[in-house]
Each structure stands twice: as structure tokens, then as C-alpha cells.
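Analysis of the macromolecular model
Spelled out, the chains give:
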Amino acid sequence: MGIYTQAPTKTYPFDRVFGPEADQAMIYNDVVQPILEEVIQGYNCTVFAYGQTGTGKTYTMQGDLTPSVTGGPCADAGMIPRVLSRLYQYLETSVADYSVKLSYVELYNEELRDLLAPEMSAPAGSAQPMAGSGKRGVLIQGLEDTPVKDFNHAIALLRKGSHRRQIAATKFNDHSSRSHSIFTITVHTKETCSKGDEALRVGKLNLVDLAGSENIGRSGAENKRAREAGMINQSLLTLGRVINALVDQSPHVPYRESKLTRLLQDSLGGRTKTCIIATVSPAKCNIEETLSTLDYALRAKSIRNKPEINQRMT
């Protein structure tokens with residue numbers, strides 16, 4: 001008679017866990033709305049989606065960009081359109097003097113591309129990350145922030161950029177993102193305080209859709225697709241090494257080994273408030289990748305950033 005031994009269980013403590021029944025509005029209200037409020041107060045914040053290819057990162061961050069009958073985001077709209085809608089609702093009713101600027105870049109095969117450039121004639125790689133000074137973090141040389149007047153203008157730019165992103169079909173996903181993308185909203189507000197002074201605040205929100213980690217053998221990637229997957233996995237491995245170095249308080253953090261980690265430098269161990277949305281598959285055949293994603297997110301949860309408010313009085 002055999003002895004039945006139960007498989008070992010591992011517990012992962014996270015702030016929130018959303019099951020298959022969770023909708024976009026629930027995730028936005030619980031996770032992203034409080035972060036937007038911090039941005040309006042003048043903090044730099046980052047939300048990034050990380051996980052295996054095909055588990056819903058782009059759906060979560062971008063979702064359906066078709067407007068609802070009322071003109072706002074539809075039920076399947078992701079975090080970016082919901083943030084833009086709520087931001088303009090707040091600014092138009094509560095703040096007398098404000099400006100909003102957007103940028104949208106993709107990192108494809110370790111080359112940066114401005115997705116909002118007037119013409120895509122600029123060669124890939126013409127935009128480069130470089131060190132910023134003081135509170136400005138990492139700047140991208142050659143990248144122009146685009147002033148945006150209202151929600152409809154912002155959505156039009158988001159659509160334009162998302163159409164230009166590199167996608168391809170794999171066995172896991174008909175529209176697999178082959179690049180990492182970073183959509184950045186910069187909000188300047190000016191408010192008059194009770195003493196007559198003016199408070200100038202600058203908040204920045206980076207909404208990052210990472211390309212999915214991929215088992216090349218299982219996804220059926222060949223030739224160009226396999227090279228893309230290799231570059232994606234390499235940048236994600238570097239991101240993992242950066243996270244480990246920060247958690248272990250290593251004297252050297254390898255930010256410069258990948259443009260992805262260079263761009264996310266301030267979000268990892270810097271002045272930014274950062275939230276990771278880890279997407280996982282419910283399928284048993286993906287258990288290895290699921291555990292890898294959860295381990296990755298758990299390590300990242302141990303990083304301690306030092307946020308500072310961007311405000312000055314005049």
C-alpha cells in the first residue's frame with residue numbers, strides 16, 4: 001500500500017490578489033486610482049505589468065481603446081485610458097492652472113523608438129537614455145514630450161502609439177508584444193495656498209507594459225521571432241539581477257547592462273513609488289512560468305524606494 005504525500009505548498013504574500021472574475025474597473029479602483037492621487041500630489045510613480053507571454057499584460061495596461069457611448073473609457077479599457085479619463089475629470093473641475101504632457105516609447109531589440117514621433121522615419125535607436133540631474137531621474141535624449149489638451153487628444157495619441165508597437169503571432173498569443181513600452185504622463189499643477197503663495201507641483205506616472213517572458217521552444221518562435229524572444233528574455237534577466245542586487249543591498253547594481261533597467265532605474269531603488277502587476281496563467285502546463293513570475297514579484301516587493309514630492313512654493 002503506497003503512502004500519499006501532499007505536494008509542498010508555497011505561500012506568496014502580496015498586497016492584492018485578483019481572480020479570473022476581476023474586471024478592469026476593479027483593478028483600476030483598488031490599485032491604480034490611489035497611485036494617480038499620489039501623482040497629482042507631486043510624486044513620481046510607476047506601474048508595470050510583468051509576466052509570462054499571453055497572460056494579459058497589454059490587456060491590463062491598455063485594453064480596449066474604443067470609447068463608451070458617454071465618451072469615457074469602455075468596460076474593457078485598461079489602466080492607461082482609465083488614468084487619462086480620471087486625470088482630466090479631476091483637473092478640469094479642481095485645478096485652475098495645469099498642463100499635461102505625454103511620451104510613449106518602445107524598447108525593441110534593445111533599440112529605443114519614440115512611438116509619438118511625427119514621422120517614424122527617425123531610425124530606431126535615435127532616442128537614447130541618459131542620466132538626468134537631481135530629481136529628474138533618467139531622461140531620454142531626442143524624446144519630445146507632447147502637450148495634451150484633453151482626454152480625446154490623449155486617447156488619439158495612445159492609439160497612434162499602440163498601432164506602431166511591434167507585435168507578432170506566436171503559439172501563445174496572436175498579438176504578442178515583441179517590445180517593452182513605457183507610456184509617461186507628466187502633470188504640472190499650480191494652486192494658490194491660503195497664505196497667497198502658489199504651490200507648483202510636478203507629478204510623473206510611468207505606465208509600463210513589459211514584453212512577456214517566453215519559453216522559445218514552447219512558443220514556437222523561429223528566426224526573427226526567436227531573436228526577439230531572446231532579447232526580451234535577456235532584458236528581463238537583467239531586470240531580475242537588478243532586483244536581486246537591490247534586495248541584497250549589493251554595492252553594484254547592474255542598471256547599465258540593459259536599456260530597460262536604465263530606463264526603470266528611478267523606479268527600482270530610486271525616488272519613485274512603484275507598483276508591479278504580476279500576470280499569471282491559470283493553466284497547469286504553465287506552472288513553471290507562474291512560479292517564476294511570483295518569485296520575481298516577491299523579490300521586487302522587498303525593494304525599498306525613497307519617494308520625494310516635487311513641489312516648490314513661489
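The rules we used
- Residues numbered from 1 in each chain as written.
- Predicted model: local features only at pLDDT ≥ 70, side-chain atom pairs only at ≥ 80, totals over all residues.
- Heavy atoms only, no water.
- UniProt positions renumbered as here; feature names shortened; annotations may be inferred.
- Helix = DSSP H or I, 4+ residues; strand = E, 2+ residues; numbered from the N terminus.
- Buried < 20%, exposed > 50% of the residue type's maximum accessible area, 1.4 Å probe, protein only.
- Expected span 1.5 Å × (residues − 1).
- Arc of directions from axis to C-beta.
- Polar contact = N/O pair within 3.5 Å; in protein donor to acceptor, adjacent residues only side chain to side chain.
- pLDDT = per-residue confidence, 0-100.
- Contact = heavy atoms within 4.5 Å.
- Salt bridge = Lys/Arg side-chain N within 4 Å of Asp/Glu carboxyl O.
- Pairing = 2+ DSSP bridges.
- Core = buried A, V, L, I, M, F, W, Y, C linked by side-chain atoms within 4.5 Å.
- Axes fitted to C-alpha atoms, helices over the stretch in contact; angles between N-to-C directions.
- Parallel < 35°, antiparallel > 145°, perpendicular 65-115°, else oblique.
- Left-handed = near helix turned anticlockwise from the far one by under 90°.
- Phe/Tyr/Trp six-rings, centres within 6.5 Å; stacked < 30°, edge-to-face > 60°.
- Lys NZ or Arg CZ within 6 Å of the ring centre and 35° of its normal.

If you look the protein up in an unreviewed UniProt entry, it shows as Kinesin-like protein from Tulasnella calospora MUT 4182. The record in UniProt for the protein states the following under Subcellular location (unreviewed entry): "Cytoplasm, Cytoskeleton".

Topic: the UniProt feature "binding site: ATP" (unreviewed entry) in the protein
Under the UniProt annotation, the feature "binding site: ATP" (unreviewed entry) is placed at Gly51, Gln52, Thr53, Gly54, Thr55, Gly56, Lys57 and Thr58. By the secondary structure assignment, Gln52 is in the loop between strand S1 (44–51) and helix H2 (57–61). Looking at the secondary structure, you find Thr53 in the loop between S1 and H2. For Thr53, a relative accessible area of 5% corresponds to the buried category.

A look at helix H8 (residues 287–301)
When the terminal C-alpha atoms of H8 are compared, their 21 Å separation across 15 residues agrees well with the 21 Å that a helix rising 1.5 Å per residue should span. Buried residues of H8: Glu289, Thr290, Thr293, Leu294, Tyr296, Ala297 and Ala300, and no others. For H8, the angular spread of buried residues about the axis comes to 160 degrees, placing them on one side.

Looking at the side chain of Asn44
Take Asn44: it is sitting in strand S1. One polar contact links Asn44 to Asn310, side chain to side chain, over a distance of 2.9 Å.

What to know about unusual backbone geometry
Phi at Glu110 is positive, roughly 65 degrees, even though this residue is not glycine. Relative to the helices and strands, Glu110 resides in the loop between strand S2 (97–108) and strand S3 (111–114). With relative accessibility at 24%, the residue Glu110 sits in the partly exposed group. Notably, Gln249 is not glycine yet its phi reads approximately 55 degrees, a positive angle. Gln249 sits in the exposed class, given a relative accessible area of 70%.

So, the confidence of the model for the protein
Across the protein, pLDDT averages 85, with 83% of residues at or above 70. Note on residues 121–125: pLDDT under 50 across the span, and 5 contacts to partners over four residues away in sequence or across chains.

Side note on the side chain of His180
Residue position: His180 is located in strand S9 (residues 180–192). A relative accessible area of 5% means that His180 is categorised as buried. Not counting the four nearest positions on each side in its chain, His180 is found in contact with Val105, Glu106, Leu107, Arg165, Asp209, Leu210, Ala211, Ile232, Ser235, Leu236 and Leu260.

Describing the environment of Arg16
Within the fold, Arg16 resides in the segment before helix H1 (24–41). Arg16 sits 261 residues away from Ile277 along the chain, and the two C-alpha atoms are 9.4 Å apart.

Side note on helix H3 (residues 79–94)
A rise of 1.5 Å per residue sets the reference length of H3, with its 16 residues, at 22 Å; its end C-alpha atoms lie 22 Å apart and thus fit the reference within 8%. Looking only at H3, the buried set comprises Met79, Ile80, Pro81, Arg82, Val83, Leu84, Ser85, Leu87, Tyr88 and Leu91.

What about the pattern of salt bridges?
Enumeration according to the criterion identifies 10 salt bridges in this entry. Here Glu308 and Arg271 are joined by a salt bridge, their closest N and O atoms 3.8 Å apart. One end of the pair, Glu308, is in the loop between H8 and strand S12 (311–313); the other, Arg271, is in the loop between helix H7 (259–263) and strand S11 (273–279), with 37 residues separating them in the sequence. According to the relative accessible area criterion, Arg271 is buried, its value standing at 10%.

Section: the pairing of S9
Consecutive side chains of a regular strand alternate in pointing toward one face of the sheet and then the other. Where S2 and S9 come together, 11 bridges link them in antiparallel fashion. Paired with Tyr104 across the strands is Phe183, a residue of S9. Sheet topology note: the S9/strand S10 (residues 198–209) ladder contains 12 bridges and is antiparallel. In the strand pairing of S10, Thr184 is matched with Asn206.

Thoughts on the nonpolar core
Of all hydrophobic cores here, the largest spans 40 residues; its most connected members are Leu84, Leu102, Phe183 and Ile185. Put simply, the parts of the chain that give this core at least two residues each are H1, S1, H3, S2, helix H4 (151–164), S9, S10 and S11. No other element matches the 8 residues that H1 contributes to this core.

A look at the packing of H3 against H4
Where H3 contacts H4, the two axes come as close as 9 Å, and the packing angle between them is 160 degrees. Taken together, the axes of H3 and H4 lie roughly antiparallel to each other. Crossing handedness for the pair H3 and H4: right-handed. From H3, Ile80, Pro81, Leu84, Ser85 and Tyr88 reach across to H4, where they touch Phe151, Ala154, Ile155 and Leu158.

Quick look at the packing of aromatic side chains
All told, the structure shown has 3 aromatic pairs when counted by the stated rule. Here the aromatic rings of Tyr12 and Phe14 are separated by 6.2 Å at their centres, their planes lie at 0 degrees, and the arrangement is stacked. Classification of Tyr12 as buried rests on a relative accessible area of 14%. What makes Phe14 partly exposed here is its relative accessible area of 28%. With 5.1 Å between their ring centres and 80 degrees between their planes, Tyr104 and Phe183 make a pair best called edge-to-face. One end of the pair, Tyr104, is in strand S2; the other, Phe183, is in strand S9, with 79 residues separating them in the sequence. Of the two residues examined, Tyr104 and Phe183, each falls in the buried class. A cation over a ring is seen here: Lys273 above Tyr43, with NZ or CZ 4.3 Å from the ring centre.

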